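Below are the chains, spelled out letter by letter.
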Amino acid sequence: MDLGSITVGTIIVAICIVPFVIMAINKKKKENKMLQALNHIATAQNHTISDYEFCGDFVIGRDKELNAIFFYKESNGQAQSSSVDLSTIKNCQTVKAHRNVKSGGEQLTITERVALAFTPSNATEREVSFTLYDVDNMQLNGELQLADSWSTLINKKLQIAS
């Protein structure tokens, strides 16, 4: 091979790889920014995040020692955050809202909303909910599995504590 072919091949490979590298860097920056925000929320309440998980435009985390769950979501340029003290919670469940639609003679089920709902021990307090997915904002991408796994994890923790 001559030097010209090697140069052209190298340039073509670089052109193909650079967009993926840029996307990975941007994703990492976004995750770091969301994790910093989650840590800020926890620190303001004298907690530290020990476990966390990213999915799309949100991060959910917990403080194992002090039994608290924290949530931070950035959607359409707006940030929302929330936290739950598990000592005041009776149970946690995954909430899935569906809608049936007919398309081409077939019945399709569309998931419109996925959330984690925390039922308080005290009946006078209102339920806290973290909306993980909303049909208006994005495409469903692992939120169902994440909601189920965190719900299971939280309920195990609640059973041990009671």
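Residues numbered from 1 in each chain as written. Predicted model: local features only at pLDDT ≥ 70, side-chain atom pairs only at ≥ 80, totals over all residues. Heavy atoms only, no water.

Some words on the pattern of salt bridges
Keep this limit in mind: What counts as a salt bridge is simple: a side-chain nitrogen of Lys or Arg found within 4 Å of a carboxyl oxygen of Asp or Glu. Counting from the N terminus, the helices are the DSSP runs of H or I reaching at least four residues and the strands are the DSSP runs of E reaching at least two. Accessible area is worked out with a 1.4 Å probe on protein chains only. A residue is then buried under 20% of its type maximum, exposed over 50%, and partly exposed in between.
Summed over the entire model, instances satisfying the criterion amount to five salt bridges. Aspartate 51 serves as the salt-bridge partner of lysine 64, at 3.8 Å between the closest nitrogen and oxygen. Within this pair, whereas lysine 64 is found in the loop between strand 2 (58–63) and strand 3 (68–75), its partner aspartate 51 is found in strand 1 (residues 51–55), the two being separated by 13 residues in sequence. On the basis of relative accessible area, lysine 64 is assigned to the partly exposed category, the value being 38%. Classification of aspartate 51 by relative accessible area gives partly exposed; the value is 25%. For glutamate 112, the salt bridge goes to arginine 99, with nearest N and O atoms at 2.4 Å. Here arginine 99 lies in strand 5 (residues 89–103) and glutamate 112 lies in strand 6 (residues 106–120), a separation of 13 residues in the sequence. Here glutamate 112 falls in the partly exposed class, since its relative accessible area comes to 26%. Residues joined in a network through salt bridges with shared partners are Asp51, Arg62 and Lys64.

So, unusual backbone geometry
A positive phi angle, close to 60°, is found at asparagine 46, a residue other than glycine. The topology assignment puts asparagine 46 in the loop between helix 1 (3–44) and strand 1. At asparagine 67, a position not held by glycine, the phi torsion is positive, near 55°. Looking at where asparagine 67 falls in the secondary structure, it is placed in the loop between strand 2 and strand 3. The exposure class of asparagine 67 is partly exposed, given its relative accessible area of 23%.

Concerning the side chain of aspartate 63
Rules: In this tally Asp and Glu are treated as negative and Lys and Arg as positive; neither His nor the chain ends contributes. Identification of polar contacts relies on pairs of N or O atoms within 3.5 Å, with a donor-acceptor requirement for protein atoms, meaning one able to donate a hydrogen and the other able to accept it, and with residues adjacent in sequence counted only if both atoms are side-chain atoms. For this analysis, residues touch if any pair of their heavy atoms sits within 4.5 Å.
Position of aspartate 63 among the secondary structure elements: in strand 2. The side chain of aspartate 63 sits in the buried core without any salt bridge; arginine 62 is the nearest counter-charge, 8.3 Å away. Engagement of the side chain of aspartate 63 in a polar contact is seen with the backbone nitrogen of threonine 48, the distance being 3.1 Å. Beyond its immediate chain neighbours, meaning those up to four positions away, aspartate 63 contacts His47, Thr48, Ser50, Ala68 and Phe70.

Points about the nonpolar core
What counts is decided by this rule: Working definition of a nonpolar core: buried Ala, Val, Leu, Ile, Met, Phe, Trp, Tyr and Cys residues. They are joined through side-chain atoms within 4.5 Å.
Judged by nonpolar contacts, the single largest core of 20 residues is most densely connected at Leu116, Phe118, Phe130 and Leu132. Sort the elements by how many residues they give to this core and helix 2 (residues 143–161) lands first, with five residues. Core analysis: the second largest hydrophobic core is formed by 10 residues, Met34, Ala42, Val59 and Ala68 among them.

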